[in-house]
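What follows is each chain in one-letter form.
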Amino acid sequence: MNTYPLQAANDELLMRIGDIYFEKLQMYSLAINYYNQVVTSTGLMSDLYWRALYRSALCHEVLGDNSAALAALRQINIEVIANESDREENLTRLEIISQHKSIDNERINERLITSLYDYILSNDSDRLREQLIQTMLFDMKDINGVIALLENDDSPSGIYMKGKAYLKALARAELEKRGEIRRKYLDEVNRQIRRLDSDSHPSYITELEIERDYIVNGYILSTAELRKAESFLSDYPQASAVNRFNLLVGYQHLTNAEYDSADQYLSKVTKDSEIPLLQYEDALIKMGNHFFVNEQYDRVIMYFDKLETALTINRPEELYRYSVALIETGETAKGLSSLEFLVRNATGYPSQAEAIELLAEHNRALENYHDVVTFMVLYPESKRDKNYYLQLS
């Protein structure tokens, strides 16, 4: 079992046993155990690694543990998945669980305490009710509960929140490709928009229209819709949707490769429960990578810092770039520590050789020759040329 071919065969066997427990016997906890063994045994860039994590996530989801399912999916680096349909399947499952199923109880408690504290200070019962409804919709993800609560509420804010609830239901129906129920939710969104007075509440109407069109058109803004969303941000800077729309507009500029415009909006976005986590993190990664290529290292750090716990060993190339940016901006100790963690724990990523060379170079300057050798022996064998052995000598 010490040679690579035998280890690979063992990993395949563990995967097949897990699949039997999952697909044939519906013994999900046992399946998870075998999938976890595959994850532990294989490398981050391995095909079996992401497949085992994905199957493990499906098992956790069936068992009702959506937090564990989300944690497993978030360990997958989508970039290593070669097949486009497999990528799409992973991304869809991640979106459904993160946006519609997984609940962060700690965050819910924080939101509730904050809302109650604000109420004590302001005695604003309408504001308290609005905050509690937002918590139900975006943190507790209780769409049906919000719709039931607002059933007899014909106030403009009640109609607006019902519109947002139906938008969330529409987005899930789109992801799950449920055509008939999708039509029902779209009709409800349109009905709530028609009930709002355009003179008294234009911001409500415009926000719901933009969100509706964005979902229906496949999460893409046309040029006209992009301008409409930008105008919304200019006209209603205090609207509750500003953070969400900064992401929406910035991401469209990013998709269009308009990086200066994307930066103008994305730099303002903060993480909250109303914005799609997957889109938010993808935007941060792409912007960080753009600024790295252009050697704007302070911007790299700004964007990658926002990733928080998402910047892990499961994204080795981004962790390398973050480490380099830290070193280039004078945070040398922090950068080298991050780089050493990367080199010791990940293989197979594009900049592995460069990461090792950089770490060895800094240790050579400090005359830590033992560490130089320690790191250089981790160098990819396929890249060991004459220059490699000169550095090792």
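Located above this text is the structure these notes cover.
Positions within a chain are numbered from 1, following the residues in the order the chain's sequence is written. At least 70 in pLDDT is required for a residue's local features to be given in this predicted model, at least 80 for side-chain atom pairs to be given and counted, and no such filter applies to totals for whole chains, interfaces and linings, which use all residues. Just so you know, side-chain values use all the structure's heavy atoms and leave hydrogens and water out.

Q: What exactly am I supposed to notice about the overall build of the protein here?
A: To qualify as a helix, a DSSP run of H or I must reach at least 4 residues; to qualify as a strand, a run of E must reach at least 2; elements of each kind are numbered from the N terminus. In terms of regular secondary structure, the protein is built from 21 helices and 0 strands. Along the three orthogonal principal directions, the C-alpha set of the protein runs to about 80 × 55 × 45 Å. Evaluated residue by residue, the protein yields a buried proportion of 49% over its 393 residues. Note on definitions: a residue-residue contact is assigned when non-hydrogen atoms from the two residues lie within 4.5 Å. A separation threshold of at least 6 residues defines the contact pool for the protein, and within that pool the share at least 24 residues apart is 54%. A 1.4 Å probe and the Shrake-Rupley method give the accessible areas. Residues count as covered only by the protein chains that appear here. For the protein, the accessible area works out to roughly 20000 Å², and carbon and sulfur atoms hold 50% of it. For the protein, the distance from the average position of its 42 positive side-chain charges to the average position of its 62 negative side-chain charges is 4 Å. Using a 1.4 Å probe on the protein chains alone, a residue whose accessible area is under 20% of its type maximum counts as buried, one over 50% counts as exposed, and one in between counts as partly exposed. None of His or the chain ends enter the tally, which takes Lys and Arg as positive and Asp and Glu as negative. By convention, the charge on Lys lies at NZ, on Arg at CZ, on Asp at CG and on Glu at CD.

Q: It is not clear to me how the packing of helix H15 (residues 277-293) against helix H16 (residues 297-305) should be interpreted in this structure. Could you clarify?
A: Angle between the axes and distance between the axes: these two values describe a pair of packed helices. Lines fitted to C-alpha atoms define the axes, with helix axes restricted to the stretch in contact, and inter-axis angles between N-to-C directions lie between 0 and 180 degrees. It is at 8 Å that the axes of H15 and H16 come closest, and there the two elements cross at 165 degrees. Classified by the angle their axes make, H15 and H16 are roughly antiparallel. Between H15 and H16 lies a crossing of left-handed hand. Mapping the contact onto sequence places Leu 284, Ile 285, Met 287, Gly 288, Asn 289, Phe 291 and Phe 292 in H15 and Tyr 297, Arg 299, Val 300, Tyr 303 and Phe 304 in H16. Working definition: roughly parallel below 35 degrees, roughly antiparallel above 145 degrees, roughly perpendicular at 65 to 115 degrees, and oblique for all remaining angles. Handedness of a helix crossing follows the sense of rotation of the near helix relative to the far helix, less than a right angle counterclockwise being left-handed and clockwise being right-handed.

Q: Explanation requested: the packing of aromatic side chains in the structure shown.
A: When we look at a pair of aromatic rings, we describe it by the centre distance and by the angle of the planes. Each pair of aromatic rings taken from Phe, Tyr and Trp, with Trp reduced to its six-membered ring, is defined by centres within 6.5 Å and is described as stacked if the planes are under 30 degrees apart, edge-to-face if over 60, and tilted in the remaining cases. Within the structure shown, the criterion is met by 11 aromatic pairs. Aromatic pair Tyr 160 and Tyr 204: ring centres 4.1 Å apart, planes at 10 degrees, arrangement stacked. With Tyr 160 in helix H9 (residues 156-175) and Tyr 204 in helix H11 (residues 202-216), this pair connects stretches of sequence that are 44 residues apart. Among the aromatic residues, those joined into a cluster by ring pairs are Phe 232, Tyr 236 and Phe 245.

Q: Would you mind showing me how to read the side chain of Glu 230 here?
A: Here Glu 230 shows up in helix H12 (residues 223-235). Classification of Glu 230 by relative accessible area gives buried; the value is 16%. Contact partners of Glu 230, with chain neighbours within four places excluded, come to Val 249, His 253 and Tyr 265.

Q: Is there a simple way to explain the nonpolar core in this structure?
A: Generally speaking, soluble globular proteins have nonpolar side chains that are buried together. Nonpolar cores are built from buried Ala, Val, Leu, Ile, Met, Phe, Trp, Tyr and Cys residues. Side-chain atoms within 4.5 Å join them into one set. Ranked by internal contacts, the top residues of the largest apolar core, which has 74 residues, are Ile 76, Leu 266, Leu 339 and Leu 342. Per-element tally for this core: the top contributor is helix H3 (residues 47-62), with 9 residues. When neighbours within four sequence positions are excluded, Ile 76 is seen to be in contact with Trp 50, Leu 53, Tyr 54, Ile 81 and Asn 90.

Q: What exactly am I supposed to notice about the side chain of Glu 95 here?
A: Topologically, Glu 95 is positioned in helix H5 (residues 84-100). By definition, a salt bridge exists where a carboxyl oxygen of Asp or Glu is found within 4 Å of a side-chain nitrogen of Lys or Arg. Although Glu 95 is buried, it forms no salt bridge, and the closest oppositely charged side chain is Arg 244 at an N-O distance of 7.6 Å. Residues in contact with Glu 95, not counting those within four places in the same chain, are His 100, Leu 175, Pro 276 and Leu 278.

Q: Explain unusual backbone geometry here, please?
A: When glycine is set aside, most residues are seen to have a negative phi, and most peptide bonds are trans. Residue Lys 141 is not a glycine yet carries a positive backbone phi of 60 degrees. Inspection of the secondary structure puts Lys 141 in the loop between helix H7 (125-139) and helix H8 (143-149). A relative accessible area of 17% places Lys 141 in the buried class. At Glu 295, a residue that is not glycine, the phi angle is positive and equals roughly 60 degrees. Examined against the element boundaries, Glu 295 turns out to sit in the loop between H15 and H16.

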